[in-house]
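Given next are the chains, with one letter for each unit.
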Amino acid sequence: MAENSSSLLDRSRTIAGPGYNRWLVPPAALAIHLAIGQAYAFSVFNKPLGALISGDPAKPAPDDWTPLQIGITFSIAIVLLGLSAAIFGKWLERVGPRKAMLSASLCFGGGFLIGSLGIHLHNIWLLYFGYGFVGGIGLGIGYISPVSTLIKWFPDRKGVATGMAIMGFGGGAMIGSPLANNLMTHFKASAPQGVAPTFIVMGIIYLLFMQFGVWTIRVPADDWKPAGYVPSTEHNDMITTANVSADNAIKTPQFWMLWVVLLCNVTAGIGVLETASPLIQAVISGTEKGKGMDTAALAAAGAGFVGLLSLFNLLGRFFWSSASDKLGRKVAYAIYFGLGVVLYALAPTLGANAQLTLFVVVACVIISMYGGGFATAPAYLSDLFGKYQVGAIHGRLLTAWSTAGVLGPLIVHYLSDSRKAQGFTGAAMYQTVFYTMAGLLVVGFLANIIVTAVNERYYEKGPVTAEAGGH
Amino acid sequence: MNPQPNSPTPPAVAESGVGGSVVLAWLVVGLPLAWGVSQTFIKALALFK
C-alpha cells in the first residue's frame, strides 16, 4: 500500500474544515459498502460460470467448472476479507480512510477485471486470484475503512452511524444481483453467458462508484465534537473513556468473547440463509395451497423468500444497531441471542406443521437480528476499547466472520445430508440444523453475558496521536 | 462533493444545516439502493402469490 503516493490522499488533507456537515460521511461510507456488498450476490454467477463451454446451464460439458469449483471463489473472498481486515487495520488507522478506501476500490474493481480475464481464458486459478484474492483484500479494507471515522463523527450515535454503513453491505447484494443479471443478458450474444464482459463493466462501475466515498470522506479535527454534545458524566463500566490499542485488545478476554459472539451470530445466520429456499419450498408444499403448485412456482416462491430475508437483513442492520444506542450493546446482543434461541427452536415445528405465515415472520425476525449482530459490533468495540484503533480492532474481529463463512455451510450441509441419509424429507431434513444453531446462540448468549469492562492495565498511557491511529 | 477546503483547521464545533451537498450525496447512494431494494421487493412478492 503506497503511503507516499499523493498528498491528496494523506490523512492531514482529509481533516474537515469548519462547518463540514457530518451527514456527508455516512453517504461516503455507504458508497464503499454498497459496492463491496456485491460479494453476497456472487451466487448469481454460479450457473453461467458453470456453462461457459456447454452454453447450457442445465447440461454442463465435462470441462465446465463444477459448482464446488465456482463456490471456492466466494470462500476465498470471504477468508481474505477477514484476513485483510485484520492485517491492514492498523495501517488504515495510521493513513486515514481516504487512502484505505482508494486501495479498497482498486483491489475490488481490479479483482473483477482480473477475474474477467480468468473467465475469458477459462482459467479458474485466475478467477480465484482476481475476484477471490485481490477482490477479497478490497472487501476487507473497504469494510473497515469508514468504521472508526464514523464513530469519531458520531460519538453521540455510534450505533446509528455504523448501522447505516453496514446496512449498505446488505444493500450491495440487492444492487449487485439484478445489475449482473441485466448485464449478462445484454452481453449474452457477444461472450459465453455474457459473464466476462459483465465482470469488466461491473469492475469499472464499482471502481468509479467507490471514488465518491474516497473523495467525500473527511476525518474530524482532533477536538471536534457535535454541536450541543456533552459526553455523559454518568458512570458506565461498559463504555470506556480510555483507549486500548489493537495489539492490546487481542490480549483481552473481552475481545475473544466478542469474537465468539460474532462467530455464533454469523454461523447461525448462515444456517437460515443456506436453507431458506429449499426449506420454504418444503413448508409451502405442506400447505393446502402448496399441494397444487408446480416446481417452477415453488422455486419462484423460494427465491422470493430469499429476497424477503435480504430486506429484513438490511433493515435489521440499521434498526437493531440504532436501537443499541438506547438499549446498550450488551442488552442488544442478549436480545439477539435470547430471542434468537427461542425462534430458532420454534422454526422447525412451525415448518413441520406448515404454519407458513408464522414461519416467514419468525425467519424474518431471526435474519434481522443476524444483521443487527453484524452492525452493532463496531459500536460495542468502541464502547469497550475506545475509539483510538477501533477500526483495526474491528478488522481483527472480522476473522470470526471468515471462520463462520467456512464453518457455517459445512455444518449446514453435514447436518442436512445426515438427516437425508436417515430418510427424512422436506422441512424435517433441516430440523437438526435449526436446533444446532439454537445451541450456538446459547454459546453466544453466554459469551456476551460474561463480557465486562476491560482491565485498566490494557489502557494506553497518555494521549494518543492520529498518526498512531487515534485522535 | 467538497464543500469545505481540505486544510487542517481548528475544531468545528457547529454542525451546519442540511445543505445541497448533503442532499446530493444521499441521492448518489440512495438511488442505487432504492433500485436494488425495489428489485428485491418485486422478487419477494412471488412468495405471496
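This one's a predicted model, so the numbers in the text were calculated from it and none came from an experiment.

### Concerning the domain arrangement of chain A
All names here are of chain A. Along its sequence, chain A is carved into domain 1 (7–216) and domain 2 (246–458). Contact with domain 1, which involves 30 residues of that partner, is made by 34 residues of domain 2. For the pair domain 1 and domain 2, the two sides together bury roughly 2,700 Å², of which 70% comes from carbon and sulfur. The interface formed by domain 1 and domain 2 contains two salt bridges. For Asp-383, the salt bridge is made with Lys-158, and the minimal N-O distance between the two is 2.8 Å. Taken together, the connections running from domain 1 to domain 2 amount to 15 residue pairs in polar contact (both at pLDDT 80 or more). Only α3 (67–95), α5 (124–144), α6 (147–153) and α7 (158–187) provide two or more residues apiece to the side of domain 1 that touches domain 2. Split by residue class, the side of domain 1 that touches domain 2 holds 17 nonpolar, eight polar and five charged.

### A word on the environment of Gly-203 of chain A
With respect to the element layout, Gly-203 of chain A can be found in helix α8 (residues 195–216). Contact partners of Gly-203 of chain A, with chain neighbours within four places excluded, come to Gly-109 and Phe-112 of chain A.

### Topic: the packing of aromatic side chains
Residues and elements named next belong to chain A. Summed over the entire model, instances satisfying the criterion amount to 32 aromatic pairs over all chains. Arranged with centres 5.9 Å apart and planes meeting at 50 degrees, the rings of Trp-256 and Trp-259 form a pair that is tilted. Highlighted residues: Trp-256 and Trp-259, both in helix α10 (residues 253–285), separated by three residues, approximately one helical turn. Looking at Trp-259, the relative accessible area reads 15%, which means it is buried. Taking the centre distance of 6.2 Å and the plane angle of 35 degrees together, the rings of Tyr-333 and Phe-337 count as tilted. In this pair, Tyr-333 and Phe-337 are both assigned in helix α12 (residues 329–352), four residues apart and thus about one turn of the helix distant. Pair check on accessibility: Tyr-333 and Phe-337 agree, each one buried. Cluster of aromatic residues (ring-pair linked, three or more members): Tyr-40, Phe-74, Tyr-143, Phe-169, Tyr-370, Phe-374 and Trp-401.

### Observations regarding the nonpolar core
All names here are of chain A. Residues Phe-45, Leu-49, Tyr-143, Phe-199, Phe-305, Tyr-344 and Phe-385 are the most contacted members of the largest nonpolar core, which totals 160 residues. Mapped onto the domain boundaries, this core takes at least three residues apiece from domain 1 (7–216) and domain 2 (246–458). The contact partners of Tyr-344, leaving out residues within four places of it in the chain, are Ala-268, Gly-269, Val-272, Ile-366, Phe-434, Met-437, Ala-438 and Leu-441.

### Concerning the pattern of salt bridges
Residues and elements named next belong to chain A. Tallied over the full model, the rule gives nine salt bridges over all chains. The closest approach of N and O atoms between Lys-152 and Glu-93, which form a salt bridge, is 3.9 Å. Of this pair, Lys-152 sits in helix α6 while Glu-93 is found in helix α3, placing the two residues 59 residues apart along the sequence. Here Arg-329 ties to Asp-325 by a salt bridge, and the two come within 2.8 Å at their closest N and O atoms.

### Considering the environment of Leu-381 of chain A
Take Leu-381 of chain A: it is sitting in helix α13 (residues 356–385). When the C-alpha atoms of Leu-381 of chain A and Gly-391 of chain A are compared, they prove to be 9.1 Å apart, with 10 residues separating the residues in sequence.

### What to know about helix α11 (residues 295–327) of chain A
Counted at 1.5 Å a residue, the expected span for α11 of chain A with its 33 residues is 48 Å, and the 45 Å between its end C-alpha atoms agrees. The largest bend along α11 of chain A reaches roughly 30 degrees and is located at Gly-316 of chain A.

The rules behind the values
- Residues numbered from 1 in each chain as written.
- Chains lettered and ligands numbered in written order.
- Predicted model: local features only at pLDDT ≥ 70, side-chain atom pairs only at ≥ 80, totals over all residues.
- Heavy atoms only, no water.
- Domains from an automatic or database assignment.
- Contact = heavy atoms within 4.5 Å.
- Buried area = accessible area lost by both parts, 1.4 Å probe.
- Salt bridge = Lys/Arg side-chain N within 4 Å of Asp/Glu carboxyl O.
- Polar contact = N/O pair within 3.5 Å; in protein donor to acceptor, adjacent residues only side chain to side chain.
- Helix = DSSP H or I, 4+ residues; strand = E, 2+ residues; numbered from the N terminus.
- Nonpolar A, V, L, I, M, F, W, Y, C, P; charged D, E, K, R; others polar.
- Phe/Tyr/Trp six-rings, centres within 6.5 Å; stacked < 30°, edge-to-face > 60°.
- Buried < 20%, exposed > 50% of the residue type's maximum accessible area, 1.4 Å probe, protein only.
- Core = buried A, V, L, I, M, F, W, Y, C linked by side-chain atoms within 4.5 Å.
- Expected span 1.5 Å × (residues − 1).
- Bend = angle between axes of the 7 residues up to and from the residue.

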